[in-house]
Amino acid sequence: MKNLLTIAFFCAITLTACGNTNTSIENSKVENKDNVKRLEGLSKAYFASGCFWCVEAIFEELKGVEEVVSGYAGGKEKNPTYEQVSAGLTTHAEAVVVYYNPDKINFKTLVKVFFGSHDPTTLNQQGPDKGAQYRSIAFYSNENEERIINEYIAHLKADNVYDDEITTEVKMLDIFYNAEEYHQDYERNNPDNPYVKSVSIPRLKRFEAKYPELLKDH
């Protein structure tokens, strides 16, 4: 949706996605004092699996998840912007940080959701979005999380869940940069966006049908 390769196939969609010129760096979702206090003491997990609009919407549906923030991770450049990342001008990927209550949902379940909500075999691509900025990454912050991720990958391979090789990176989290405010809750706030309607919402619906027992009560 946001790079030149995708434009060739989804012109109408990308015009809407890329045409958003709101580049405010204020991130009230994260920096709001009440929200910061609400998130204190929660555990955090980090994942990248394509467009962060889609990934954020999926994890926000889970019981025990209190907040999900879209951002950038996995690269080395400092303070990346959406324009840089989406154009493939950095080594970062679009990613999310998941704030969760470990008494209600554990890291292993989050890893299960991560692998179950995208195709981890498509290198540098997720759906119509192509480029290293859309690659699959399961981040870990400690040895236990690394072990859980690697054991789950081993389980997927042993059960031959996928015909093709899993290309997901398993990577220590270095730093996570919050994306610009207009990207936060994008699917919820922009239900009529062509990309959201044709890609993001269908991806969410497929996930909801697959894991109904993990969903919040609405």
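The rules behind these values
Residues numbered from 1 in each chain as written. Predicted model: local features only at pLDDT ≥ 70, side-chain atom pairs only at ≥ 80, totals over all residues. Heavy atoms only, no water. Axes fitted to C-alpha atoms, helices over the stretch in contact; angles between N-to-C directions. Helix = DSSP H or I, 4+ residues; strand = E, 2+ residues; numbered from the N terminus. Parallel < 35°, antiparallel > 145°, perpendicular 65-115°, else oblique. Left-handed = near helix turned anticlockwise from the far one by under 90°. Contact = heavy atoms within 4.5 Å. Nonpolar A, V, L, I, M, F, W, Y, C, P; charged D, E, K, R; others polar. Buried < 20%, exposed > 50% of the residue type's maximum accessible area, 1.4 Å probe, protein only. Polar contact = N/O pair within 3.5 Å; in protein donor to acceptor, adjacent residues only side chain to side chain. Core = buried A, V, L, I, M, F, W, Y, C linked by side-chain atoms within 4.5 Å. Salt bridge = Lys/Arg side-chain N within 4 Å of Asp/Glu carboxyl O. Pairing = 2+ DSSP bridges. Phe/Tyr/Trp six-rings, centres within 6.5 Å; stacked < 30°, edge-to-face > 60°.

Colleague: Just to check I follow, could you spell out the packing of helix α7 (residues 107–116) against helix α8 (residues 143–158) for this structure?
Modeller: Each pair of packed helices can be described by the angle between their axes along with the distance between the axes. In the contact formed by α7 and α8, the axes pass within 10 Å of each other and the chain directions differ by 45°. Judged by the inter-axis angle, α7 sits oblique to α8. For the crossing formed where α7 meets α8, the hand is right-handed. Facing F107, K108, V111, K112 and F115 of α7, the residues of α8 in contact are E145, I148, I149, Y152, I153 and L156. Class assignment of the residues belonging to the contact of α7 with α8 gives a composition of eight nonpolar, no polar and three charged.

Colleague: Looking at this model, I keep getting lost on unusual backbone geometry. Mind explaining?
Modeller: Negative phi is the rule for most residues except glycine; trans is the rule for most peptide bonds. Residue N79 is not a glycine yet carries a positive backbone phi of 50°. Tracing the backbone through its elements, the reader meets N79 in the loop between β2 (65–73) and α6 (82–86). Residue classification places N79 among the exposed positions, given a relative accessible area of 57%. A positive phi angle, near 55°, is found at N124, a position not held by glycine. With respect to the helices and strands, N124 occurs in the loop between α7 and β4 (125–126).

Colleague: Looking at this structure, how should I read the side chain of T168?
Modeller: By the secondary structure assignment, T168 is in the loop between α8 and β7 (169–172). Here T168 falls in the buried class, since its relative accessible area comes to 11%. One polar contact links T168 to S136, side chain to side chain, over a distance of 2.7 Å.

Colleague: I'm lost on the nonpolar core in this one. Help?
Modeller: Buried together is how nonpolar side chains tend to be arranged in soluble globular proteins. In terms of nonpolar packing, the biggest core is built from 46 residues, with F47, F59, L62, V98 and L110 touching the most fellow members. With seven residues, helix α5 (residues 52–59) is the single largest residue contributor to this core. Ignoring any residue separated from it by four or fewer positions in sequence, one finds V98 in contact with S43, K44, A45, F47, F59, V65, E67, V68 and L110. Residues Y46, V97, Y99 and I137 belong to the second largest nonpolar core, which totals 14 residues.

Colleague: I'm lost on the environment of E145 in this one. Help?
Modeller: Structurally, E145 can be placed in helix α8. For the pair formed by E145 and A45, sequence separation is 100 residues and the distance between their alpha carbons is 9.1 Å. At a separation of 2.7 Å, a polar atom in the side chain of E145 contacts the main-chain amide nitrogen of S141.

Colleague: I keep staring at the pattern of salt bridges and nothing clicks. Help me out?
Modeller: Where charged atoms from two side chains of opposite charge approach closely, those side chains can pair. Taken as a whole and assessed by the stated rule, the structure comprises five salt bridges. A salt bridge links E60 to R188, with the nearest nitrogen and oxygen atoms 2.8 Å apart. With E60 in the loop between α5 and β2 and R188 in helix α9 (residues 186–189), this pair connects stretches of sequence that are 128 residues apart. Assessed through its relative accessible area of 12%, E60 is described here as buried. Judged by its relative accessible area of 57%, R188 is exposed. Salt-bridge contacts for R135 lead to E169; the nearest nitrogen and oxygen are separated by 2.9 Å. With R135 in the loop between β5 (129–130) and β6 (136–140) and E169 in strand β7, the pair connects residues that are 34 residues apart, well separated along the chain.

Colleague: Teacher, can you tell me more about the sheet that holds strand β8 (residues 177–178) here?
Modeller: Backbone hydrogen bonds hold the strands of a sheet together, and the pairing may be parallel or antiparallel. Ordered in space as β7-β6-β1-β3-β2-β8, the six strands form an open sheet in which the pairing is mixed. Both edges of this open sheet fall to β7 and β8, since each of them pairs with a single strand only. With three bridges connecting them, strand β1 (residues 43–49) and β6 associate as antiparallel partners. The residue bridging A48 from the neighbouring strand is I137, located in β6. In the packing of α7 onto the sheet, contacts are made with β1, β2, β3 (93–100) and β6, and the angle to β1 comes to roughly 15°.

Colleague: I tried to follow the packing of aromatic side chains on my own but got confused; where do I start?
Modeller: Each aromatic ring pair is described using two quantities: the centre-to-centre distance and the angle formed by the ring planes. In total, this model carries twelve aromatic pairs according to the counting rule given. Geometrically, the ring pair formed by W53 and Y195 is edge-to-face, given 5.8 Å between the ring centres and 80° between the ring planes. Here the residue W53 occupies a position in helix α5, and Y195 occupies one in helix α10 (residues 194–210), the gap between them amounting to 142 residues. Residue W53 shares its accessibility class with Y195, and that shared class is buried. Put simply, the rings of F47, F59, F107, F114, F115 and Y152 touch in pairs and so form one group of aromatic residues.

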